[in-house]
Amino acid sequence: MRFDVDSFREIADSLVRNKSRSLLTGFGVFWGIFMLLFLIGGGQGLKQMITSNFEGFATNTGILVSSQTSLPFKGFKEGRYWRLSYTDVDRLKQMMPELQTVTPVISTGGRDAVYGTNTSTASVRGIYADYQRIETPKIRYGRYLNDADILQERKVCVIGKRIYNDLFPDGGDPCGAFIQVGPVYYQVVGVDYSSGNISIGGRSDQSVLIPLPLAQKIYNRGRDVDLICTAAYSGIRMSDLEPRMRQIIAQQHQFDPSDKQAMVLINTEQMFALVDNLFMGVNFLIWLVGLGTILAGVIGVSNIMMVTVRERTTEIGIRRAIGATPRDILSQIILESIALTLVAGSFGIVFAVQLLRLMEKIVSMNPDNPAASFQIGFGLAVAAALLLTLLGVVAGMAPASRAMAIKPVDAMRDE
Amino acid sequence: MLIELKDVNKTYNNGQPLHVLKGIDLSIDRGEFVSIMGASGSGKSTLLNILGILDNYDTGEYYIDGRLIKGLTEKQAADYRNRMIGFIFQSFNLIGFKTAVENVELPLFYQGVSRHKRHELAMQYLDKLGLTDWAHHYPNEMSGGQKQRVAIARALITNPKIILADEPTGALDSKTSEEVMQLLSRLNREEGVTIIVVTHESGVANCTDKIVHIKDGIIGQIEDNREHHASVFGTSTIMK
């Protein structure tokens, strides 16, 4: 094979000679590579958007929620209501050393938070300071609730991003201000900017966090709690602890430990696994569709090259008669095929990258959307280009072998 | 002897076996201007293909300049064609999307000659054939005679041992035909190029110095025609 200016001119000549045909053939490859890269980028962005809902959430978390029993137990009928109580927290803490954190939550939804003339809808949640081990806060101003707040039952609160934006539209540090939620005034001590979308008794950006003992008193909750959030030490699987946790709670509240409906145990580990599986499926489809489209495009290239070779029988015959070796012809056809796929494919890559950039821009225009990266990596683009070269060779193979079979006498015969 | 054929046989096996060449013996010396003449179906095209290493023969021997041409690989055949033989075709067979000078350069491209050098050489040959002004025109912008002269330049550029012309005037009118034949004869006389013309026209054959008559795959008469005494209708016709 000879690689010089002429080889490239020969290729460019023969591709440019039939512009519309080269264009249409190239479009197949262009669309294929564009589809694959765009889908990969889109899928990745979507995955990031969805996983960002779990942002700041410990992956090893189990959340206990009481519900209605579905089995009769020890003389109790099914369909009985029961409630988690504060003693369950202590019991889990003592009996399950694998749990790093056990912390209760009281939540009340839909209350008006008022500051001056501004109002916002808030869900008030009573928590302990160690709740931050379950849902990591992003403190923008001030601080999180601490143990002293809890012990002294101070009327202080940490507000979510949305509440902050609604009540303090001018921005600035709101700490020290008193906001009214329901009948009570609380002093703001911190702003939490985390935007995860897992709502445990309310979305975090709409919540007003107050000390739990205070919430119990204000909302007349006695020793009841709504949720118990637990986090296991790393390396321990929450699903392994689940039966024992059920056993402990069931014994206390007299329901059947095998009664899965009586107590809902939300296991984030399983949720993460679910999302992972979902995206594995989505990825599989992306690759199937993308590669399939590229393949269809490449077969198109091969097909057209086949026709081209047939049309150029005389030309190839002349070349052979004046001294081109079969190898010269082979390399010419294959290089033409590579050039066609590579040029068309590069446009596909560029177009996909530009469109993904646009999509990223559009998504980020809505402040409610979490930040997500739709762009494909540089490595992936290079790999795509390499793949195209390879496919160009494959596409050129059949036409090239046909071209090689052309005898120089054919030049004289086909007139 | 530059070209020697000894008892060359060729049979085509497309369904019905067709014995085209039945023992051809032929010698052509350096610097000769020979025509091979015969009606269609006489085997002259097959003979030309064998002479031009475009086709294989079954039995016998074919030497160019003492070198046996038999059982060559495609690569060797291509190399021999490139270096030893220059082709002139009836339909010119120029590559339509290349300019005259690019067409003339092409054999040197396959020899791996550098771009600059082959361009220079191609321009020299075009100049020799009076086509300098047409060097950057495409074949479809030229007349038949000009195209054939480009083809002749392309055949000459590798400085081959033999020029094989297959009906070189077949697609030209009588005036240009005469010009092309005169050009070939001048090349033969002045440059000593060995030229073999395959034709069925006696007028064309008459321009050459030696006429080899081929009929039904056998060489008939070999006529010495240095006097160019034949009429345009050939010596053997009643219209002489």
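Residues numbered from 1 in each chain as written. Chains lettered and ligands numbered in written order. Predicted model: local features only at pLDDT ≥ 70, side-chain atom pairs only at ≥ 80, totals over all residues.

Caption draft 1: Looking closely at the overall build of chain A. The helix and strand inventory of chain A stands at 12 helices and 10 strands. Expressed as a percentage of the 415 residues in chain A, the buried residues total 38%. For chain A, contacts bridging at least 24 residues in sequence account for 81% of all contacts bridging at least 6. (Helix = DSSP H or I, 4+ residues; strand = E, 2+ residues; numbered from the N terminus. Buried ≥ 20, exposed ≤ 12 C-beta atoms within 10 Å, placed from the backbone. Contact = placed C-beta atoms within 7 Å.)

Caption draft 2: Structural view of unusual backbone geometry. Residue and element names in this part refer to chain B. Positive phi is not limited to glycine here, since Asp7 has a value of about 50°. Mapped onto the secondary structure, Asp7 falls in strand β1 (residues 3–14). Even without being glycine, Ile53 reaches a positive phi, approximately 55°. Mapped onto the elements of the fold, Ile53 is located in the loop between α1 (44–51) and β4 (59–64).

Caption draft 3: Structural detail: the nonpolar core. Within the largest apolar cluster, 113 residues are counted, with the highest numbers of intra-cluster contacts made by Ile33 and Leu37 of chain A together with Ala153 and Ile196 of chain B. Residue contributions to this core peak at 11 residues, all from helix α10 (residues 326–365) of chain A. Those residues in contact with Ile33 of chain A, other than ones at most four positions away along the chain, are Ile294, Gly345, Gly348, Ile349, Ala384 and Leu388 of chain A. In this structure, Val102, Ala122, Tyr164 and Ala232 of chain A belong to the second largest nonpolar core, which totals 48 residues. (Core = buried A, V, L, I, M, F, W, Y, C linked by C-beta atoms within 7 Å.)

Caption draft 4: Examining the confidence of the model for chain B more closely. Confidence along chain B averages 85 in pLDDT terms, with 95% of residues attaining 70 or more. Among the scores for the predicted complex, ipTM is 0.84 and pTM is 0.68. (pLDDT = per-residue confidence, 0-100.)

Caption draft 5: Examining the packing of helix α2 (residues 19–51) of chain A against α10 of chain A more closely. Residue and element names in this part refer to chain A. It is at 7 Å that the axes of α2 and α10 come closest, and there the two elements cross at 40°. In terms of their interaxial angle, α2 and α10 are classed as oblique. The two elements α2 and α10 cross, and the hand of that crossing is right-handed. Contact with α2, carried on its side by Ser22, Thr25, Gly26, Phe27, Val29, Phe30, Trp31, Ile33, Phe34, Leu37, Phe38 and Gly41, involves Leu340, Thr341, Val343, Ala344, Gly345, Phe347, Gly348, Ile349, Phe351, Ala352, Leu355 and Leu356 of α10 and no other residues of that element. Broken down by class, the residue content of the contact of α2 with α10 amounts to 17 nonpolar, 7 polar and no charged. (Axes fitted to C-alpha atoms, helices over the stretch in contact; angles between N-to-C directions. Parallel < 35°, antiparallel > 145°, perpendicular 65-115°, else oblique. Left-handed = near helix turned anticlockwise from the far one by under 90°. Nonpolar A, V, L, I, M, F, W, Y, C, P; charged D, E, K, R; others polar.)

Caption draft 6: The arrangement of the sheet that holds strand β5 (residues 67–68) of chain B in detail. All names here are of chain B. Read from one edge to the other, the open sheet built from 4 strands follows the order β2-β1-β4-β5, with strand pairing classed as antiparallel. The outermost strands of the open sheet, each flanked by one partner alone, are β2 (16–28) and β5. Alignment of β1 against β2, held across 10 bridges, turns out to be antiparallel. Bridge pairing in β2 links Lys10 to Leu21. In the packing of α1 onto the sheet, the strands contacted are β1, β2 and β4, and the crossing angle to β2 comes to about 60°. (Pairing = 2+ DSSP bridges.)

Caption draft 7: Focus on the environment of Leu64 of chain A. Residue and element names in this part refer to chain A. Relative to the elements of secondary structure, Leu64 occurs in strand β1 (residues 61–66). Through-space distance from the C-alpha of Leu64 to that of Ile266 is 6.5 Å; in sequence the pair is 202 residues apart. Every residue in contact with Leu64, bar those within four places of it in the chain, is listed here: Leu84, Leu227, Ile228, Ile249, Met263 and Leu265.

Caption draft 8: Fine view of the packing of helix α3 (residues 100–111) of chain B against helix α5 (residues 144–156) of chain B. Residues and elements named next belong to chain B. Where α3 meets α5, the axes come as close as 7 Å, and the angle between the chain directions of the two elements is 25°. Relative to α5, the element α3 lies roughly parallel. Classified by chirality, the crossing of α5 by α3 is right-handed. Every residue of α5 that contacts α3 at Ala100, Asn103, Val104, Leu106 and Pro107 is listed here: Val150, Ala153 and Arg154.

Caption draft 9: Local environment of the interface of chain A and chain B. Taken together, the 21 residues of chain A in the interface contact 24 residues of chain B. Contributions of two or more residues to the side of chain A that touches chain B are made by α1 (5–17), α9 (313–321), α10 and α12 (409–413) of chain A. Classifying every residue of the side of chain A that touches chain B by side-chain character gives 10 nonpolar, 2 polar and 9 charged.

Caption draft 10: Here's a closer look at the pairing of β1 of chain A. Bridge count for β1 of chain A against strand β9 (residues 227–232) of chain A is 5 bridges, and the pairing is antiparallel. Looking across to β9 of chain A, one finds that Val65 of chain A is bridged to Leu227 of chain A.

Caption draft 11: Spotlight on the sheet that holds strand β10 (residues 218–224) of chain B. All names here are of chain B. Strand order in this open sheet of 6 strands is β6-β7-β8-β3-β9-β10, and the pairing throughout is mixed. Every interior strand has two partners, whereas the edge strands, β6 (85–88) and β10, have only one. Between one strand axis and the next, the sheet turns by 20° as a mean value, whatever way the strands run.

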